[in-house]
Amino acid sequence: MEVSPVLFFDGECAFCSFWVSVVLKWEKTPDLMFCSSTSKNLKSFLTDPQIQSLNHTILLQTQGCFVHKSTAALRVLQRFRWFWPLGYLGFAFPLPLRDAVYDFIAKRRHRLFKGKCVLPDTRRFL
């Protein structure tokens, strides 16, 4: 039995919550699950000692493996109905460059969107 992929995100960040709502709207197949950093279920997923928090990053767990930062963002983008080619095109850039851009945005994300976004009530949130 295949386990649904899980996207872990900062639940206290309006920018992150906004992008989760974009994923919910545009993904091809609605099988991606979501887990907020504020969820009480988070610790049961993040048992790997190297992955202790969602400090300025998103995590995507697929097939028992974790990817983070720009790699996770591009893998999620590949799941979109319309913009999926950008998810593949992004891998043409070197990982250090991609992650540098990701880190630049991640460090400023709280200034980009003020407040908290309210996500839709859905069974796809853990």
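Above this text you will find the structure in question.
Small disclaimer: the values here were computed from a predicted structure and weren't measured. (Residues numbered from 1 in each chain as written. Predicted model: local features only at pLDDT ≥ 70, side-chain atom pairs only at ≥ 80, totals over all residues. Heavy atoms only, no water.)

Draft legend 1. Representation of the nonpolar core. In terms of nonpolar packing, the biggest core is built from 20 residues, with L7, F34 and L60 touching the most fellow members. Elements represented by at least two residues in this core include exactly strand 1 (6-9), helix 1 (14-26), helix 3 (69-77) and helix 5 (95-112). Per-element accounting of this core gives the leading share, five residues, to helix 1. Excluding residues within four positions of it along the chain, L60 makes contact with P5, V6, L7, L32, C65, F66, V67, A72, R75 and V76. Residues V6, M33, C35 and L59 belong to the second largest nonpolar core, which totals six residues. (Core = buried A, V, L, I, M, F, W, Y, C linked by side-chain atoms within 4.5 Å. Buried < 20%, exposed > 50% of the residue type's maximum accessible area, 1.4 Å probe, protein only. Helix = DSSP H or I, 4+ residues; strand = E, 2+ residues; numbered from the N terminus. Contact = heavy atoms within 4.5 Å.)

Draft legend 2. Quick peek at the pattern of salt bridges. This model, assessed by the stated rule, comprises three salt bridges. Residues R109 and D10 are paired through a salt bridge, measuring 2.7 Å at the closest nitrogen-oxygen approach. Here R109 is found in helix 5, whereas its partner D10 is found in the loop between strand 1 and helix 1, with 99 residues between them in sequence. Per residue, the accessibility class of R109 equals that of D10, and both read buried. A salt bridge links D103 to K69, with the nearest nitrogen and oxygen atoms 3.0 Å apart. Of this pair, D103 sits in helix 5 while K69 is found in helix 3, placing the two residues 34 residues apart along the sequence. (Salt bridge = Lys/Arg side-chain N within 4 Å of Asp/Glu carboxyl O.)

Draft legend 3. Region of interest: a positive patch on the surface. A grouping of K107, R108, R111 and K114 is seen on the molecular surface, where their side chains present a positively charged patch. Within the secondary structure layout, R111 lies in helix 5. Exposure remark for R111: the relative accessible area of 58% places this residue in the exposed category. (Patch = residues over 30% accessible without salt bridge, like charges linked within 9 Å, V, L, I, M, F, W, Y side chains within 5 Å. Areas by Shrake-Rupley, 256 points an atom, 1.4 Å probe, with all protein chains shown as cover. Lys, Arg positive; Asp, Glu negative; His and termini not counted. Charge placed at Lys NZ, Arg CZ, Asp CG, Glu CD.)

Draft legend 4. Quick peek at the sheet that holds strand 4 (residues 65-68). Taking strand neighbours across the sheet as the criterion, the four strands line up as 2-1-3-4 in an open arrangement whose pairing is mixed. Since the sheet does not close on itself, it has two edges, and those belong to strand 2 (33-36) and strand 4, each with one partner. When the angles between neighbouring strand axes are averaged without regard to direction, this sheet yields 25°. Here strand 3 (residues 59-62) pairs with strand 4 via four bridges, running antiparallel. Along strand 4, the bridge assignment pairs L60 with V67. In this fold helix 3 packs onto strand 1, strand 3 and strand 4, with an angle of close to 100° to the strand it touches most, strand 4. (Pairing = 2+ DSSP bridges. Axes fitted to C-alpha atoms, helices over the stretch in contact; angles between N-to-C directions.)

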